[in-house]
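# Geometric and topological summary
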Amino acid sequence: MIDYRHSLDGITNEELHGFFAGWPQPPSVFKFREILKKSFAFIVAYDTKTKNVIGFVTAISDGIFAAFIPLLEVKTEYQRKGIGRELVRRMESRLSGNYSIDIVCNHELESFYADLGYTSLSGQAKRFPKSLS
Ligand SMILES: CC(C)(COP(=O)(O)OP(=O)(O)OC[C@H]1O[C@@H](n2cnc3c(N)ncnc32)[C@H](O)[C@@H]1OP(=O)(O)O)[C@@H](O)C(=O)NCCC(=O)NCCS
């Protein structure tokens, strides 16, 4: 069973391993835990059978106007089961009342977000990979 949780209580660092697949400089599990804890909101998808976190989503927000979803990931072996969509839907409920929810994604995921009601905008971004090491 997949349990959607808003807290890390009872979740060990071992259970948080395996995310940021393919990132050149993924954050350590300790940093990952901090990212979750310091986010405005986060939700983890927890497999109660294997006792592992298998997906997560984070949001940063002022709580009134703007919200951003900087991170969303489902572990490869759990993908295409509706978990990513469920994480976004649940985060939207958590963020309800805000004017905007923005997400930056690669082109291939535009249809994933379009199905959830998102539209494409142009934008700019700057990244500092060394800050994660
Ligand atoms: C993007 C991601 C979170 C989707 O999670 P998921 O649990 O596999 O998504 P869902 O099962 O809820 O997908 C629902 C629908 O979205 C679409 N979709 C999902 N992943 C897709 C992908 N990689 N490319 C294109 N469409 C996709 C499909 O239409 C899918 O329905 P279907 O399986 O019936 O065809 C997951 O692929 C992932 O973690 N990717 C790596 C990290 C990443 O890119 N994160 C997003 C940052 S913006």
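Overview of the structure. Bear in mind that the values here come from a model prediction, so they are computed numbers and not experimental data. (Residues numbered from 1 in each chain as written. Predicted model: local features only at pLDDT ≥ 70, side-chain atom pairs only at ≥ 80, totals over all residues. Heavy atoms only, no water.)

## Some thoughts on unusual backbone geometry
Rules: In this description a helix means any DSSP run of H or I spanning at least four residues, a strand means any run of E spanning at least two, and both kinds are numbered starting from the N terminus. Relative accessibility decides the category of a residue: with a 1.4 Å probe and only protein chains considered, values under 20% of the type maximum give buried, values over 50% give exposed, and everything between is partly exposed.
Its identity as a non-glycine residue notwithstanding, K51 has a phi of 55°, on the positive side. Note that K51 resides in the loop between β2 (41-47) and β3 (52-61). Its identity as a non-glycine residue notwithstanding, R80 has a phi of 65°, on the positive side. In this structure R80 comes out as exposed when scored by relative accessible area, which is 86%.

## Some thoughts on the pattern of salt bridges
The line we're drawing: Criterion for a salt bridge: a side-chain nitrogen of Lys or Arg within 4 Å of a carboxyl oxygen of Asp or Glu.
Enumeration over the complete set of coordinates arrives at four salt bridges. With a shortest N-O distance of 3.1 Å, D3 and R5 are connected by a salt bridge. R5 sits in the partly exposed class, given a relative accessible area of 24%. Connected through shared salt-bridge partners, E34, K37 and K38 make up one network.

## What to know about the pairing of β2
Stated formally: By this definition, two strands are paired if DSSP reports at least two bridges between them.
Burial within β2 is extensive, with seven of its seven residues counted as buried. Side-chain alternation along β2 places A41, I43, A45 and D47 on one buried face and F42, V44 and Y46 on a second face that is also buried. As defined by bridge partners, strand β1 (residues 2-5) adjoins β2 across four bridges and the pair is classed as antiparallel. Within β2, the residue paired with R5 across the bridge is V44.

## Thoughts on the site of the ligand
Operational definition: Being near a molecule or strand, for a residue, comes down to having at least one heavy atom within 4 Å of it. For this analysis, a polar contact is any N or O atom pair within 3.5 Å, provided that within protein one partner can donate a hydrogen and the other can accept it, and provided that sequence-adjacent residues contribute only side-chain to side-chain pairs. Exposure was quantified through the Shrake-Rupley algorithm and a 1.4 Å probe, taking into account, for residues, occlusion by the shown protein chains and nothing else.
Lining the immediate environment of the ligand, one finds 17 residues, of which L72, V74, R80, G82 and G84 sit closest. In this structure, K81 approaches the ligand through a main-chain N or O atom, which is 3.2 Å from an oxygen atom. Alone, the ligand offers 890 Å² of accessible surface; in the complex the protein occludes 71% of this. Those elements that place two or more of their residues in the shell around the ligand are β4 (66-74), α2 (83-94) and α3 (110-114).

## A short note on the packing of aromatic side chains
Inclusion rule: For Phe, Tyr and Trp, where Trp contributes only its six-membered ring, two rings pair if their centres lie within 6.5 Å, and the inter-plane angle classes them as stacked under 30 degrees, edge-to-face over 60, or tilted in between. To sit over a ring, a charge needs its Lys NZ or Arg CZ within 6 Å of the ring centre and within 35 degrees of the ring normal.
A full pass over the atoms with the stated rule returns nine aromatic pairs. Ring centres of F19 and F56 lie 5.1 Å apart, and the angle between their planes is 85°; this geometry places the pair in the edge-to-face category. Here the residue F19 occupies a position in the loop between β1 and α1 (29-38), and F56 occupies one in strand β3, the gap between them amounting to 37 residues. Per residue, the accessibility class of F19 equals that of F56, and both read buried. One aromatic cluster is present, formed by F19, F20, W23, F32 and F56 through successive ring pairs. The ring of Y46 is capped by R5, whose NZ or CZ atom sits 4.0 Å from the centre of that ring. The cationic tip of K75 hangs over the ring face of F19; the distance from NZ or CZ to the ring centre is 4.7 Å.

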